[in-house]
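Understanding the architecture of this molecule
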Amino acid sequence: MAAERELLERMLDVQREELARLLSEVDDTAARTRLVPSLTTPLGLVKHATFVEMVWFHSRVAGVPRAELGLPDTIDESFVLEPEDTVDSVRGGFLAACEHSREVAAAHDLDEQFPWHHGPVSLRFIYGHMIAELARHAGHGDILVEQLKAGTAPSAPTR
């Protein structure tokens with residue numbers, strides 16, 4: 001049986017891999033395609049996941065101010081795509097952020113506390129939060145990619 005930390009790290013890495021995989025199944029044009037009213041696109045989801053990695057691990061755990069990391073002020077802004085964002089650049093940025101997150105987390109114990117706007121949270125909490133957050137977004141991305149690969153936009157349900 002894996003130790004708790006190893007289990008949490010592996011579960012988080014599985015979700016990271018699922019998000020990165022989304023961008024291996026679409027080209028730059030498809031990755032930017034909006035199929036829902038929000039800013040949610042496959043490319044936007046992975047860009048947002050990079051933001052989430054950086055907020056939780058690079059800022060909260062490592063203690064680096066968000067402004068110093070160049071993070072947007074709002075969650076919605078983390079989905080905004082710039083003209084220079086590509087499948088390769090966003091995937092590369094995400095994988096680099098994940099690697100740095102692993103390095104940051106490795107220096108801390110699961111019970112160590114970090115600031116959050118709802119009060120201090122443990123690294124264990126952060127792992128659980130990240131697993132849930134990335135799994136949710138990987139699921140969203142799976143649906144979008146499936147629609148893009150099928151060449152269909154969402155349609156109204158029939159009755």
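Since this is a predicted model, take the numbers as computed values, not measurements. (Residues numbered from 1 in each chain as written. Predicted model: local features only at pLDDT ≥ 70, side-chain atom pairs only at ≥ 80, totals over all residues. Heavy atoms only, no water.)

On to the side chain of His108. Take His108: it is sitting in the loop between α5 (87–106) and β1 (113–114). Given the relative accessible area of 17%, His108 is considered buried. Residues contacting His108, with those up to four places away along its chain left out, are Arg5, Val61, Phe114 and Leu123. (Helix = DSSP H or I, 4+ residues; strand = E, 2+ residues; numbered from the N terminus. Buried < 20%, exposed > 50% of the residue type's maximum accessible area, 1.4 Å probe, protein only. Contact = heavy atoms within 4.5 Å.)

Looking now at the confidence of the model for the protein. Per-residue confidence for the protein gives a mean pLDDT of 93; residues scoring 70 or more make up 94%. Within the model, pLDDT remains below 50 along residues 154–159, and this stretch shows 2 contacts once partners closer than five positions in the same chain are excluded. (pLDDT = per-residue confidence, 0-100.)

Evaluated as defined, the whole model comprises 4 aromatic pairs. Ring geometry for Trp56 against Trp116: centres 5.7 Å apart, planes inclined by 50°, an arrangement best described as tilted. Of this pair, Trp56 sits in helix α3 (residues 42–61) while Trp116 sits in the loop between β1 and β2 (121–122); the two residues are 60 residues apart in sequence, bridging distant segments of the chain. Residue class for Trp56 comes out buried when judged on its relative accessible area of 5%. On the basis of relative accessibility, which here comes to 22%, the residue Trp116 falls in the partly exposed class. Between Trp116 and Phe125 the ring centres are 5.2 Å apart and the planes differ by 45°, which places this aromatic pair in the tilted class. (Phe/Tyr/Trp six-rings, centres within 6.5 Å; stacked < 30°, edge-to-face > 60°.)

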